[in-house]
Amino acid sequence: MTIYQKIKEAIAADKKLFAVLIDPDKCIGDTLTQFIDLCKKASPDLILIGGSLTTESTDLLIESIKKACSIPVVLFPGSASQFSPKADAMLYLSLISGRNPDFLIGQHVISAPFIKKSGIETMSTGYMLIESGATTSVEYMSNTRAIPHKKTSIAVATAIAGELLGNKLIYLEAGSGAKLPVSAEMIQAVKQNISIPLIVGGGLRTPADIQNAIHAGADIIVAGNILEKDPELMVEFGRVIKA
Ligand code: 1GP
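Residues numbered from 1 in each chain as written. Predicted model: local features only at pLDDT ≥ 70, side-chain atom pairs only at ≥ 80, totals over all residues. Heavy atoms only, no water.

## Some words on the pairing of strand β7 (residues 198-201)
Stage number 1. Burial along β7 is two-sided: L198 and V200 facing one way and I199 and G201 facing the other are all buried.
Stage number 2. One ladder, built from four bridges, connects strand β6 (residues 169-173) with β7; its direction is parallel. By the bridge assignment for β7, Y171 is matched with I199.
Stage number 3. Remark: the β6/helix α7 (residues 184-193)/β7 crossover connection has right-handed handedness.
Stage number 4. When β7 meets strand β8 (residues 220-223), the two strands line up parallel, connected through three bridges. Within β8, the position partnered with I199 by the bridge is I220.
Stage number 5. One crossover worth recording links β7 to the parallel β8 by way of helix α8 (residues 207-216), and it is right-handed. (Buried < 20%, exposed > 50% of the residue type's maximum accessible area, 1.4 Å probe, protein only. Helix = DSSP H or I, 4+ residues; strand = E, 2+ residues; numbered from the N terminus. Pairing = 2+ DSSP bridges. Right-handed = clockwise from strand over helix to strand, strands pointing away.)

Encoded structure:
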């Protein structure tokens, strides 16, 4: 069964999924060992690997994770250079909130031959950056403008377009370490207007933030930055998401 099929099955069974994000540059050595130990306790559904700008080897990181646990590893690449055939699947992200052709199709053309050769599962994802109170790395590195925080109608229209273009997932992204997460109002409106799974991430710091996103309609919750600062929170987040 593919990872996408597992996601769809979980959603059909009314379950929410928890994805933890690892930045290859920040999670090395003892930090990685501790992170994997916590993953074994918190049992996230997915481990996402990626970042806006990374220099460490994605291959080596994935090898270490896969040796230590059986949680599916999904690439969340900031650029084509982060591709690794060692992952179980990848979010094939198209930054549909922006108007930079490089992140709509350019990086895909560069990576496509390698992806095809590897046979890795790809999940086309309409990736939408939402303004969150300060310039985020993804906004700067992608050279795109985020959708304004309160412009729900623009987010809804963008998500509908993403689904109509054939994306299998929509990802509402406030940006790693965002001051403000995506609002419950925007999550709810987008969810009501699409029929594909909805991922929400960026700036989710507390169990209450997670609950808000879930109640608003997020199917998959992503947490990264806060777990670098307070790794133990992973277990609590896992409990909230599975409750
Ligand atoms: C960022 O959505 C992810 O791409 C996670 O964001 O690091 O703020 O949890 P945080």
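After that view, the rundown keeps rolling.
## Focus on the sheet that holds strand β3 (residues 73-75)
Sheets are built from strands paired through backbone hydrogen bonds, the pairs being either parallel or antiparallel.
Stage number 1. Taken in spatial order, the eight strands of this closed barrel run β1-β2-β3-β4-β5-β6-β7-β8, and their pairing is parallel. Within the sheet, the average angular offset between the axes of one strand and its neighbour, ignoring direction, is 30 degrees.
Stage number 2. Along the sheet, helix α1 (residues 3-12) contacts β1 (17-22), β2 (46-49), β3, β4 (89-95), β5 (121-129), β6 and β8; its crossing angle with β5, the most-contacted strand, is approximately 60 degrees.
Stage number 3. Sheet strands in contact with helix α10 (residues 233-242) are β1 and β8, and its direction is about 155 degrees off that of β1. (Axes fitted to C-alpha atoms, helices over the stretch in contact; angles between N-to-C directions. Contact = heavy atoms within 4.5 Å.)

## A look at the packing of α8 against α10
Stage number 1. Where α8 meets α10, the closest approach of the two axes is 10 Å, and the angle between their N-to-C directions is 25 degrees. On the basis of the axis angle, α8 is roughly parallel to α10. In this structure, α8 crosses over α10, and the sense of that crossing is right-handed. Only E236, F237, V240 and I241 of α10 make contact with α8, whose side of the interface consists of P207, I210, Q211 and I214.
Stage number 2. Across the contact of α8 with α10, the residue classes break down as six nonpolar, one polar and one charged. (Parallel < 35°, antiparallel > 145°, perpendicular 65-115°, else oblique. Left-handed = near helix turned anticlockwise from the far one by under 90°. Nonpolar A, V, L, I, M, F, W, Y, C, P; charged D, E, K, R; others polar.)

## Here's the deal with empty space enclosed by the protein
Stage number 1. Under the definition given, this model contains one cavity of 30 Å³ or more.
Stage number 2. In this structure, the largest cavity encloses a volume near 50 Å³.
Stage number 3. Lining the largest cavity we find I7, A19, L46, L48, V74, L91, L169, I199, I220 and V222.
Stage number 4. Of the residues contributing to the lining of the largest cavity, the split by class is ten nonpolar, no polar and no charged. (1 Å grid on protein atoms, 1.4 Å probe; cavity = no way out; pocket = protein on both sides within 12 Å on 5 of 7 lines; lining within 4 Å. Points joined across faces, edges and corners; volume = space filled by probe spheres on them.)

## Side note on the packing of aromatic side chains
Stage number 1. Here the structure, examined in full by the defined rule, presents three aromatic pairs.
Stage number 2. Seen from their ring centres, F76 and Y127 are 5.7 Å apart, and the 85 degrees between their planes marks the pair as edge-to-face. Residue F76 is located in the loop between β3 and β4, and its partner Y127 is located in strand β5; the two are separated by 51 residues in the primary sequence.
Stage number 3. Its relative accessible area of 7% is what places F76 among the buried residues.
Stage number 4. Ring centres of F76 and Y171 lie 5.2 Å apart, and the angle between their planes is 10 degrees; this geometry places the pair in the stacked category. You can see F76 sitting in the loop between β3 and β4 and its partner Y171 sitting in strand β6, a full 95 residues away along the chain.
Stage number 5. With relative accessibility at 1%, the residue Y171 sits in the buried group.
Stage number 6. Among the aromatic residues, those joined into a cluster by ring pairs are F76, Y127 and Y171.
Stage number 7. It is K168 that lies over the ring of Y4; its NZ or CZ is 5.1 Å from the centre. (Phe/Tyr/Trp six-rings, centres within 6.5 Å; stacked < 30°, edge-to-face > 60°. Lys NZ or Arg CZ within 6 Å of the ring centre and 35° of its normal.)

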